[in-house]
Amino acid sequence: MEVKIGVQHSNRELVLESGQSASEIEQAVGDAFSGKEGLLALTDDKGRRIIVPADRLAYVEIGAETVRPVGFGAS
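In this text the structure is predicted, and so the values were computed from the model without any measurement. (Residues numbered from 1 in each chain as written. Predicted model: local features only at pLDDT ≥ 70, side-chain atom pairs only at ≥ 80, totals over all residues. Heavy atoms only, no water.)

Asks: Talk me through the sheet that holds strand β1 (residues 2-7); I want residue IDs and the actual numbers.
Replies: Strand order in this open sheet of three strands is β2-β1-β5, and the pairing throughout is antiparallel. Both edges of this open sheet fall to β2 (14-17) and β5 (57-62), since each of them pairs with a single strand only. Averaged over all pairs of adjacent strands, the angle between strand axes in this sheet comes to 15 degrees, irrespective of strand direction. One ladder, built from five bridges, connects β1 with β5; its direction is antiparallel. Bridge assignment links Ile5 to a residue of β5, and that residue is Val60. Running at roughly 165 degrees to β5, helix α1 (residues 22-34) makes contact with β1 and β5 of the sheet. (Pairing = 2+ DSSP bridges. Helix = DSSP H or I, 4+ residues; strand = E, 2+ residues; numbered from the N terminus. Axes fitted to C-alpha atoms, helices over the stretch in contact; angles between N-to-C directions. Contact = heavy atoms within 4.5 Å.)

Below, the structure is given as structure tokens:
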């Protein structure tokens, strides 16, 4: 699932592919905004951790869970 993170005072957004479910990502974002953690920490498909201070988050866009077509005939 694709996740886009907007960071305040930055011209570019962070984009990552995560194996986490939409509800897991939403829970992590909620915890970061509520002040429980103070950080948004997500893991991408390659095992890298992305950590952003919650007070610097502008937005988090969670992509739709879709299965990508495979093969030449997929459209």
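Here the narrative resumes, following the displayed structure.
Asks: An account of the nonpolar core is requested, with residue identities and associated values reported.
Replies: Within the largest apolar cluster, 14 residues are counted, with the highest numbers of intra-cluster contacts made by Val3, Ile5, Leu16, Ile25, Leu40 and Leu42. At the level of secondary structure, the elements contributing two or more residues to this core comprise β1, α1, β3 (39-43) and β4 (49-53). Top element by residues in this core is α1. It accounts for four residues. Not counting chain neighbours up to four residues away, the residues in contact with Ile5 comprise Glu13, Leu14, Leu16, Leu40, Leu42, Val52, Leu57, Tyr59 and Val60. (Core = buried A, V, L, I, M, F, W, Y, C linked by side-chain atoms within 4.5 Å. Buried < 20%, exposed > 50% of the residue type's maximum accessible area, 1.4 Å probe, protein only.)

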